[in-house]
2 protein chains.
Amino acid sequence: MNTYQRRREAVRVWMKQEGIALAVIEDFEAKRDPALRWLSGHPMDALLFLSAEGGSLLVPWDVILAEKIAPDSLVENIVPFTTFDRDAAAAIAGAIQHFGVEKGAAIELPSATTYPAFCRLRDTLAGYTLLCREDGLSNMIKAGRAQKDEGEIAIYRQVSAITNTLMSLIEMGVKAGTLQTETDVALFIEREARSHGCEGTGFGTLCAGPQRSFGIHCFPSYTNGPFATTGLSILDFGLVYQGYTSDVTMTFARGPFSARQKEMLSLVIEAAALGVGTVKPGIRCGDVGKVVNIFFTSHGFSMPHGLGHGIGLEAHEAPFLVAKNDNTWTLKPGMIVTVEPGLYENGEGGCRLENDVLVTENGNEVLTDSRIVWL
Amino acid sequence: MNTYQRRREAVRVWMKQEGIALAVIEDFEAKRDPALRWLSGHPMDALLFLSAEGGSLLVPWDVILAEKIAPDSLVENIVPFTTFDRDAAAAIAGAIQHFGVEKGAAIELPSATTYPAFCRLRDTLAGYTLLCREDGLSNMIKAGRAQKDEGEIAIYRQVSAITNTLMSLIEMGVKAGTLQTETDVALFIEREARSHGCEGTGFGTLCAGPQRSFGIHCFPSYTNGPFATTGLSILDFGLVYQGYTSDVTMTFARGPFSARQKEMLSLVIEAAALGVGTVKPGIRCGDVGKVVNIFFTSHGFSMPHGLGHGIGLEAHEAPFLVAKNDNTWTLKPGMIVTVEPGLYENGEGGCRLENDVLVTENGNEVLTDSRIVWL
């Protein structure tokens with residue numbers, strides 16, 4: 001049994017416990033769901049159906065791509081989406097027929113199903129019990145994806161090493177003057193990513209010189225403007241290796257600094273160490289976020305975003321290190337999260353330091369070596 | 001009244017007709033909705049509330065960014081998302097209070113609201129009439145966005161001109177041998193886009209040499225592999241200017257060709273002319289798609305995707321030139337659509353030709369000059 005089969009089997013065991021006959025996974029442009037790739041190896045644009053009785057059915061938009069990839073995943077059946085007139089409801093009806101799902105049986109839809117789509121399906125699939133829950137199948141898969149297995153951790157060691165190499169090359173290029181603009185840096189990453197065997201970047205690289213670094217996520221993501229001139233510049237990027245993305249943020253700091261900038265820099269450095277030191281199995285994810293929030297508040301600052309998040313097939317996935325009352329997640333060995341404290345002010349610019357941290361049996365291991373680069 | 005105010009006023013007139021007291025627009029990472037930018041100028045990561053009685057409230061994730069942009073859009077009120085603990089439900093409750101929306105009044109949510117989120121809101125906002133409809137507010141805004149106004153058409157003339165320039169530069173670079181790999185081409189586009197004043201690219205550039213061009217959307221989007229070597233190579237890209245994206249596809253064809261490749265090339269060239277010739281006001285969008293489907297079928301081929309789609313603040317938006325029974329859209333002057341017939345075969349590779357077409361009062365105007373590049 002390969003990795004994909006093992007994962008599908010775990011879902012099936014869960015489905016039987018929950019009394020679900022058919023599970024629907026859907027990834028299209030309107031709503032991405034990496035559960036598709038996690039369970040089938042097929043990267044995008046498809047429906048995947050799992051029957052509790054065994055057997056899987058992949059309905060891809062691009063059947064040629066699916067047939068090239070499917071041998072690895074051992075998905076039992078592939079039927080082109082065109083067979084169903086590229087209509088998701090028709091494909092679900094087709095899967096019901098394919099697996100012989102009986103009337104009255106429970107079918108679980110993705111939790112991202114919109115309210116109008118759910119109402120339409122309830123009408124067209126009258127006689128079946130349709131489920132669409134945040135604490136159901138989607139959450140079960142989220143929890144599975146959050147705790148990386150050995151193969152995934154091995155991938156993370158590789159993508160972290162490549163990310164670390166690139167960070168050093170970027171620091172060198174900026175110091176040597178070969179990388180001068182935001183675009184220089186962003187395109188250097190795109191090219192080096194591919195020459196190091198990566199699929200690409202995990203999200204639009206955020207590269208902001210001192211004039212634009214006030215933005216939590218700068219807009220546009222990078223421009224022709226200068227990078228790493230006097231003041232605070234932010235570089236936030238991730239590399240994708242075999243589907244999995246890293247996510248790091250460096251701050252490039254060139255003096256002279258204002259007193260406020262010095263304070264922001266030293267607080268962020270301290271907060272990063274504090275946050276990483278808090279990461280260990282058993283701690284509630286909200287509490288990790290809370291520790292850093294309290295630290296900033298005690299110094300008269302506040303951070304406008306969460307402390308960190310899981311990484312994997314998505315750049316932002318469970319668990320989230322966010323101090324919210326409804327955050328019920330707890331850190332477990334195998335989870336990989338970012339820790340990324342940041343402070344931003346109009347006029348002063350922004351400062352963020354982000355590393356990727358693997359939760360181990362006893363504590364944690366920092367996989368990346370992002371840093372403040374002093375110029 | 002500026003453009004954003006005019007658009008918001010049109011929404012308010014519609015809200016009064018429909019008896020809706022409060023409209024909710026939401027754009028976050030989990031579900032993008034360019035209606036936010038279209039109505040407020042704020043590019044991303046925020047909630048926007050419109051009251052039928054007048055007044056708008058923007059709740060941005062990044063309040064510094066919003067305050068830098070808001071003066072243009074004249075949004076009346078800005079309250080940071082952190083005020084509501086970065087919780088959308090709490091922000092909606094806050095907006096109800098802000099505008100003094102009375103119990104029993106109708107509140108319309110985005111049609112992309114998930115079924116579980118809708119059910120939770122129905123509980124927490126008991127006493128209000130919550131609407132979430134595909135044919136409601138979201139559709140009204142989609143229709144408004146689909147028909148470009150004069151300012152938007154002027155932007156499209158500019159982004160089309162830049163796109164045309166880049167296509168010529170790429171053809172030149174490929175012929176001169178300075179652009180040799182998929183990455184060379186993709187990064188050339190990223191750099192030139194910005195040096196021509198664009199925000200960036202409208203989607204991950206799809207650049208596939210002959211070994212990978214079988215994919216409708218190649219995966220990964222570009223690699224270190226060779227581009228434009230013997231066979232069929234596809235380049236599909238868009239440039240974003242002031243928020244609006246172009247979308248073109250060139251096929252680079254280097255002989256000698258197989259008989260099948262020759263047939264695919266000539267059919268796609270004919271289909272592109274046929275499709276563009278069909279675009280005019282009053283025709284049903286499904287019928288434009290059907291004409292080309294019938295053409296391919298009569299020659300023993302079939303196209304695995306729709307013929308085209310609207311472009312604007314999104315790379316794929318209404319109307320869709322797709323031959324489906326539930327496609328009720330009709331072309332109107334001011335709409336800008338792609339026409340992009342394509343054929344793909346394992347072994348032969350793929351071939352697609354895509355241009356952007358403005359629907360005029362009497363027919364159409366082709367804005368871009370994408371072409372088959374013969375090498």
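Remember, predicted model here, so these are calculated numbers, not experimental data.

1. Let's talk about the overall build of chain A
Here comes step 1: The secondary structure content of chain A amounts to 10 helices and 20 strands.
Here comes step 2: For a compact globule of 375 residues, the expected C-alpha radius of gyration is about 21 Å, and chain A comes in at 23 Å, within 12% of that figure.
Here comes step 3: Burial status across chain A gives 51% buried among its 375 residues.
Here comes step 4: Excluding contacts between residues fewer than 6 apart, the proportion of contacts in chain A whose partners are at least 24 apart in sequence is 62%.

2. Focus on the domain arrangement of chain A
Residue and element names in this part refer to chain A.
Here comes step 1: Once the domains are mapped, chain A shows domain 1 (3-145) and domain 2 (147-374).
Here comes step 2: Centre-to-centre, using C-alpha coordinates, domain 1 lies 34 Å away from domain 2.
Here comes step 3: Across the boundary between the two partners, domain 1 contributes seven residues, which contact eight residues of domain 2.
Here comes step 4: Among the secondary structure elements, those contributing two or more residues to the side of domain 1 that touches domain 2 are helix H2 (35-40) and helix H6 (137-146).
Here comes step 5: Among the elements that take part in the side of domain 1 that touches domain 2, H6 stands out by supplying three residues, more than any other.
Here comes step 6: Partitioning the side of domain 1 that touches domain 2 into residue classes produces two nonpolar, two polar and three charged.

3. Quick notes on the sheet that holds strand S7 (residues 200-201) of chain A
Residues and elements named next belong to chain A.
Here comes step 1: The strand order S7-S10-S11 describes an open sheet built from three strands, whose pairing is antiparallel. Here the strands that pair on one side only, and so sit at the sheet edges, are S7 and strand S11 (244-245).
Here comes step 2: Pairing of S7 with strand S10 (residues 239-241) involves two bridges; the strand directions are antiparallel. Bridge pairing links Thr201 to Leu239 in S10.
Here comes step 3: In this fold helix H7 (residues 150-176) packs onto S10 and S11, with an angle of close to 140 degrees to the strand it touches most, S10.

4. Remarks on the interface of chain A and chain B
Here comes step 1: Taken together, the contact pairs 42 residues of chain A with 42 residues of chain B.
Here comes step 2: Mapped onto the side of chain A that touches chain B, the elements with two or more residues apiece are helix H3 (63-73), helix H5 (115-124) and helix H8 (182-195) of chain A.
Here comes step 3: With six residues, the single largest contributor to the side of chain A that touches chain B is H8 of chain A.

5. Some words on the relation of the copies chain A and chain B
Here comes step 1: The two copies are related by a screw operation: chain A maps onto chain B through 180 degrees of rotation and 0.0 Å of translation along the axis, at an RMSD of 0.0 Å. When the rotation and shift are considered jointly, the pair of chain copies conforms to a two-fold rotation axis.
Here comes step 2: A symmetric contact is evident, with 100% of the interface residues of chain A recurring at the interface of chain B.

6. Let's talk about the sheet that holds strand S12 (residues 248-254) of chain B
Residue and element names in this part refer to chain B.
Here comes step 1: Ordered in space as S8-S9-S12-S20, the four strands form an open sheet in which the pairing is mixed. Looking at strand neighbours, the two that pair on one side only are strand S8 (206-208) and strand S20 (372-374), the edges of this open sheet. Taking each pair of neighbouring strands and ignoring which way they run, the sheet shows an average axis angle of 20 degrees.
Here comes step 2: Judged from the three bridges that link them, S8 and strand S9 (residues 231-237) form a sheet pairing that is antiparallel. The residue bridging Leu206 from the neighbouring strand is Asp236, located in S9.
Here comes step 3: In the packing of helix H8 (residues 182-195) onto the sheet, contacts are made with S8 and S9, and the angle to S8 comes to roughly 155 degrees.

7. Concerning the nonpolar core
Here comes step 1: Core analysis: the largest hydrophobic core is formed by 219 residues, its most contacted members being Leu22 and Ala23 of chain A together with Leu22 and Ala23 of chain B.
Here comes step 2: If we ignore the near neighbours within four places in the chain, the residues touching Ala23 of chain A are Val11, Met15, Phe49, Leu50, Glu108 and Leu137 of chain A.

8. A short note on the confidence of the model for chain A
Here comes step 1: For chain A, mean pLDDT is 96; residues scoring 70 or higher make up 99% of the total.
Here comes step 2: Under the prediction, the complex receives an ipTM of 0.93, its pTM being 0.94.

9. Overview of unusual backbone geometry
Here comes step 1: Here the bond from Gly255 of chain B into Pro256 of chain B is cis, since omega is 0 degrees, no more than 30 degrees from zero.
Here comes step 2: For Pro256 of chain B, the location among the structural elements is in the loop between S12 and helix H9 (259-278).
Here comes step 3: Even without glycine at this site, Gln242 of chain A takes up a positive phi of about 45 degrees.
Here comes step 4: Mapped onto the fold, Gln242 of chain A is located in the loop between S10 and S11.

10. Observations regarding the packing of helix H9 (residues 259-278) of chain A against helix H10 (residues 285-298) of chain A
Residue and element names in this part refer to chain A.
Here comes step 1: Where H9 contacts H10, the two axes come as close as 9 Å, and the packing angle between them is 155 degrees. With respect to H10, the element H9 is oriented roughly antiparallel. H9 and H10 meet at a crossing whose hand is right-handed. Across the interface between the two elements, Leu267, Ala271, Leu274, Gly275 and Thr278 of H9 pack against Val288, Val291, Val292, Phe295 and Phe296 of H10.
Here comes step 2: By residue class, the composition of the contact of H9 with H10 is eight nonpolar, two polar and no charged.

11. What to know about the environment of Leu50 of chain B
Residue and element names in this part refer to chain B.
Here comes step 1: By the secondary structure assignment, Leu50 is in strand S2 (residues 46-51).
Here comes step 2: Overall, the presence of 27 C-beta atoms within 10 Å leaves Leu50 in the buried class.
Here comes step 3: Each C-alpha atom, one on Leu50 and one on Arg8, is 7.6 Å from the other, the two residues being 42 residues apart in sequence.

12. A look at the pairing of strand S17 (residues 349-352) of chain B
Here comes step 1: Residues Gly349 and Cys351 of chain B of S17 of chain B are buried on one face, and the alternating residues Gly350 and Arg352 of chain B, pointing to the opposite face, are buried as well.
Here comes step 2: With antiparallel pairing between neighbouring strands as the criterion, strand S16 (residues 342-345) of chain B and S17 of chain B make up a hairpin whose turn holds three residues, including Gly347 of chain B at a positive phi of roughly 100 degrees.

13. Remarks on the environment of Val339 of chain B
Residue and element names in this part refer to chain B.
Here comes step 1: Turning to its location among the elements, Val339 is positioned in strand S15 (residues 336-339).
Here comes step 2: The buried category is assigned to Val339, around which 28 C-beta atoms lie within 10 Å.
Here comes step 3: Considered as a pair, Val339 and Val366 are 27 residues apart in the sequence and their alpha carbons are 9.8 Å apart.

14. Structural notes on H7 of chain A
Helical periodicity: at 3.6 residues per turn, an α-helix aligns residues three or four positions apart in one direction.
All names here are of chain A.
Here comes step 1: Compared with an ideal rise of 1.5 Å per residue, which puts 27 residues at 39 Å, H7 spans 39 Å between its outermost C-alpha atoms and is within 8% of the ideal.
Here comes step 2: Buried residues of H7: Tyr156, Val159, Ser160, Thr163, Leu166, Met167, Ile170 and Val174, and no others.
Here comes step 3: Residues of H7 that are buried sit in contact with H8, S10, S11, strand S12 (248-254), strand S15 (336-339) and strand S18 (355-359).
Here comes step 4: Phi for Gly177, located one or two positions after H7, is positive at around 85 degrees.

15. With respect to H5 of chain A
Here comes step 1: Those residues of H5 of chain A not exposed but buried are Tyr115, Ala117 and Leu121 of chain A. The arc that holds every buried residue of H5 of chain A, seen down its axis, measures 160 degrees, which confines them to one face.
Here comes step 2: The elements touched by buried residues of H5 of chain A are helix H4 (88-99) and strand S6 (129-131) of chain A together with helix H5 (115-124) of chain B.

16. Looking at the environment of Leu166 of chain B
Residue and element names in this part refer to chain B.
Here comes step 1: For Leu166, the location among the structural elements is in helix H7 (residues 150-176).
Here comes step 2: The buried category is assigned to Leu166, around which 20 C-beta atoms lie within 10 Å.
Here comes step 3: Residues Leu166 and Leu331, spaced 165 residues apart in sequence, show a C-alpha to C-alpha distance of 29 Å.
Here comes step 4: Excluding anything up to four places from it in sequence, Leu166 contacts Ile189 and Glu192.

The rules behind the values
- Residues numbered from 1 in each chain as written.
- Chains lettered and ligands numbered in written order.
- Predicted model: local features only at pLDDT ≥ 70, side-chain atom pairs only at ≥ 80, totals over all residues.
- Helix = DSSP H or I, 4+ residues; strand = E, 2+ residues; numbered from the N terminus.
- Rg over C-alpha atoms; globule rule 2.2 N^0.38 Å.
- Buried ≥ 20, exposed ≤ 12 C-beta atoms within 10 Å, placed from the backbone.
- Contact = placed C-beta atoms within 7 Å.
- Domains from an automatic or database assignment.
- Nonpolar A, V, L, I, M, F, W, Y, C, P; charged D, E, K, R; others polar.
- Pairing = 2+ DSSP bridges.
- Axes fitted to C-alpha atoms, helices over the stretch in contact; angles between N-to-C directions.
- Least-squares fit on C-alpha atoms with pLDDT ≥ 70 in both.
- Core = buried A, V, L, I, M, F, W, Y, C linked by C-beta atoms within 7 Å.
- pLDDT = per-residue confidence, 0-100.
- Parallel < 35°, antiparallel > 145°, perpendicular 65-115°, else oblique.
- Left-handed = near helix turned anticlockwise from the far one by under 90°.
- Expected span 1.5 Å × (residues − 1).
- Arc of directions from axis to C-beta.

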